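Residue-level listing of the chains:
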Amino acid sequence: MHQLKRITVFLLLFMLSTVSRAQLDSTTPRVRTANGILEGINKSGVKVFEGVPFAAPPVGNLRWKEPQPVVNWEGVRKASKFGPRPMQNNVFGDMNFRSDSMSEDCLYLNIWTPAKTGEEKLPVLVYFYGGGLIAGAGCEPRYAGESMARRGIISITANYRLGIFGFFAYPELTQESPHHSSGNYGYLDQNAALKWVKQNIAAFGGDPGRITIAGESAGSISVSAQMCSPLSKGLIAGAIGSSGSLMGALPSVSLSEGEKNGVGTAGTLGAHSLKELRAIPANKLLSAKGHFAGTVDGYFMPEAPDKIYEKGQQSQVPLLVGWNSQEMTYPYLMKGMKPTLENLTKVVAELFGNKADQVLKLYHAADDASAIQAANHLASDLFIAFSTWKWSDVQARTGGQPVFRYLYCHPRPVMVASLKDKVAGLAGGVQDARNASPVPRDKGAVHSADIEYAMGNLPTNRVYDWQPEDYEISEVFQSYYLNFVKTGDPNGLGLIQWTEVTGRDVAPVLQIDLNTFVKRDPDLEKRYKFLDDFYFSKK
């Protein structure tokens, strides 16, 4: 009798343990996670699990608390629909959401896996979306992981709280926190997603020791934040950053400054206590004005990011990092003035004081004709390019692992003919031509233009008339990404050899375009080293 019981128990345990293996390759794939069984969908071999909870809903008294564990469920949970996107205003024209709602209950991730048995131990990519920490979601088609999964990795997108919901600091929040911190809830959400992936990804056929994080713009800034947080050490094996880092873009403020900003924001909402703030409907909070970009809280972020990196206290992992050739244009810099040499000189003098002449020389501004290009370059650098260079430079010096730096240069094609009454708008979106001033054709890769190319997702963007050359570039860009996720090195068969950054004065930069090549650019290096001295030597 005892022998029969042992056999029965053994068979039951065996059946439970094989849920993740035996049913991955079925029409309705199922996986047993630490929280319960998930049922996804099979898209011609790629198994997709959408709307997977990685933390408890941050609602009610959990608003502005670090993410709490998922509540386990009984039975089978359907994972065939994207979870709600985070609370946000309609800010950027290029965002296209596939979720059917927006909610504070937004902490969900999405998994694309090609695994068949659950025993493959495939490398994993976790992608954090951009949007200035105020917009975006993991359900955007341009981040979809199906193309990546078809080439041998598991690809994941994860939501995180945004704006006032994700980056609000307040004295009472700091007081109630067991870590005496506030203001980094969005970053903590990302960390919670990584912890969930680390714990559960083996059931989906992934290798928990081979997780690479990636992101563009605010997503790239988020990657730089996760790398310098002690909470994420041991969770990541590699990092990819596209356009942006905390060292110059969306910088974290001190906790005291964040709290001061929070008190001011609360006042504009007519709230004078945490209880009153938590009682405000989520939609009303979207009208709040304030600076929401994280804090140096002593917990997630022990001290200023540049100091953490300079001390070599960040995650010691390989880094692939780069920016686009036209991240921003002169209107960002010129404040409505024409881009003449005279006007540019005035703007540069306001920004750099007695260093203005040196800046004009570094950016080759000698007359009105050259002033336009100089203003474009300076606008791009100050907006986000310099911060990305800064990250790659300090990581190469103190990170102890290879760093690969790129400059993405290819302009997107014209829009499809069906959009003849539209023109390109903010962040790559479109707007009615009757309500917009005519703009010249882009001469370089604008901010966010790289995403679909790198992720192999050109077909998901139906705004642009993609040509064969665009698919050629995407194949190269995506291959570098895939190789890096798989091995920590982007190089591979059929690709131009990408030289890593070393201690040389002029570091190599891979120029990604129809003709991809490695270049050492002394002018670029001089510009960024000047900005580095100007902004960071003052600290």
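What is the right way to read the packing of aromatic side chains from this model?
Centre-to-centre distance and the angle between the planes together describe a pair of aromatic rings. Tallying each qualifying case throughout the model produces 30 aromatic pairs. Ring centres of Tyr-406 and Trp-498 lie 6.3 Å apart, and the angle between their planes is 80 degrees; this geometry places the pair in the edge-to-face category. With Tyr-406 in strand 14 (residues 403-408) and Trp-498 in the loop between helix 17 (468-487) and strand 17 (508-512), this pair connects stretches of sequence that are 92 residues apart. For the pair formed by Tyr-406 and Trp-498, the shared burial category is buried. Connected via pairs of aromatic rings, a cluster forms that spans Phe-404, Tyr-406, Tyr-408, Tyr-453, Tyr-464, Trp-466, Phe-477, Tyr-480, Tyr-481, Phe-484 and Trp-498. Arg-63 extends its terminal NZ or CZ atom over the ring of Trp-64, reaching a point 5.4 Å from the ring centre.

Help me understand the layout of surface pockets, please; the structure alone is not making it clear to me.
With a probe scaled to a water molecule rolled over the atoms, the places where space remains empty come into view. Looking at the second largest pocket, its volume works out to about 340 Å³. Lining the second largest pocket are 19 residues, and of these Ile-134, Gly-163, Ala-288, Gly-290 and Phe-292 sit closest to its centre. Split into classes, the residues belonging to the lining of the second largest pocket amount to twelve nonpolar, six polar and one charged.

Is there a simple way to explain the environment of Tyr-330 in this structure?
Tracing the backbone through its elements, the reader meets Tyr-330 in the loop between strand 13 (319-324) and helix 12 (331-334). Its relative accessible area of 27% is what places Tyr-330 among the partly exposed residues. Beyond its immediate sequence surroundings of up to four residues, Tyr-330 is in contact with Pro-339, Ile-372, Ala-375, Asn-376 and Ala-379.

What's the story with unusual backbone geometry in this structure? I'm lost.
Negative phi is the rule for most residues except glycine; trans is the rule for most peptide bonds. Despite not being glycine, Leu-133 shows a phi value in the positive range, around 65 degrees. Here Leu-133 shows up in the loop between strand 7 (122-128) and helix 3 (146-149). Although it is not a glycine, His-180 sits at a positive phi angle of roughly 55 degrees. As for its placement among the helices and strands, His-180 is situated in the loop between helix 5 (171-176) and helix 6 (185-200). Judged by relative accessible area, His-180 falls into the exposed class, the value being 53%.

In this structure, what is going on with the pattern of salt bridges? I would like to understand it.
Any two side chains of opposite charge can pair, so long as their charged atoms come close to each other. According to the stated counting rule, one finds 22 salt bridges in the structure shown. Among the salt bridges present, the one from Arg-30 reaches Glu-39, with a minimum N-O distance of 2.8 Å. Look at Arg-30 and you get partly exposed, because its relative accessible area is 28%. Residue classification places Glu-39 among the buried positions, given a relative accessible area of 7%. Note that Lys-519 and Asp-521 form a salt bridge whose closest N and O atoms lie 3.9 Å from each other. With relative accessibility at 34%, the residue Lys-519 sits in the partly exposed group. Overlapping salt bridges, with partners in common, bring together Glu-310, Lys-390, Asp-393, Arg-397 and Asp-532 in one network.

Help me out: how do you make sense of the sheet that holds strand 3 (residues 41-43) in this one?
Reading across the sheet, the eleven strands line up as 3-4-6-8-7-9-10-13-14-17-18 and stay open at both edges, with mixed pairing between neighbours. Each having just a single partner strand, strand 3 and strand 18 (517-520) make up the two edges of the open sheet. With strand direction ignored, the average angle separating the axes of adjacent strands in the sheet is 25 degrees. Helix 7 (residues 218-228) contacts strand 7, strand 9 (206-216), strand 10 (238-242) and strand 13 of the sheet and is inclined by roughly 130 degrees relative to strand 9.

In this structure, what is going on with the sheet that holds strand 1 (residues 30-32)? I would like to understand it.
In any sheet, the strands associate via hydrogen bonds between backbone groups, in a parallel or an antiparallel arrangement. Taken in spatial order, the three strands of this open sheet run 1-2-5, and their pairing is mixed. The open sheet terminates on both sides in strands that have one partner only, identified here as strand 1 and strand 5 (76-78). Across this sheet, the average inter-strand angle for adjacent strands is 30 degrees, counted without regard to direction. In this structure, strand 1 lies alongside strand 2 (residues 37-39), joined through three bridges in antiparallel fashion. Looking at strand 2, one finds that Val-31 is bridged to Leu-38.

So, how was this worked out
- Residues numbered from 1 in each chain as written.
- Predicted model: local features only at pLDDT ≥ 70, side-chain atom pairs only at ≥ 80, totals over all residues.
- Heavy atoms only, no water.
- Phe/Tyr/Trp six-rings, centres within 6.5 Å; stacked < 30°, edge-to-face > 60°.
- Helix = DSSP H or I, 4+ residues; strand = E, 2+ residues; numbered from the N terminus.
- Buried < 20%, exposed > 50% of the residue type's maximum accessible area, 1.4 Å probe, protein only.
- Lys NZ or Arg CZ within 6 Å of the ring centre and 35° of its normal.
- 1 Å grid on protein atoms, 1.4 Å probe; cavity = no way out; pocket = protein on both sides within 12 Å on 5 of 7 lines; lining within 4 Å.
- Points joined across faces, edges and corners; volume = space filled by probe spheres on them.
- Nonpolar A, V, L, I, M, F, W, Y, C, P; charged D, E, K, R; others polar.
- Contact = heavy atoms within 4.5 Å.
- Salt bridge = Lys/Arg side-chain N within 4 Å of Asp/Glu carboxyl O.
- Pairing = 2+ DSSP bridges.
- Axes fitted to C-alpha atoms, helices over the stretch in contact; angles between N-to-C directions.

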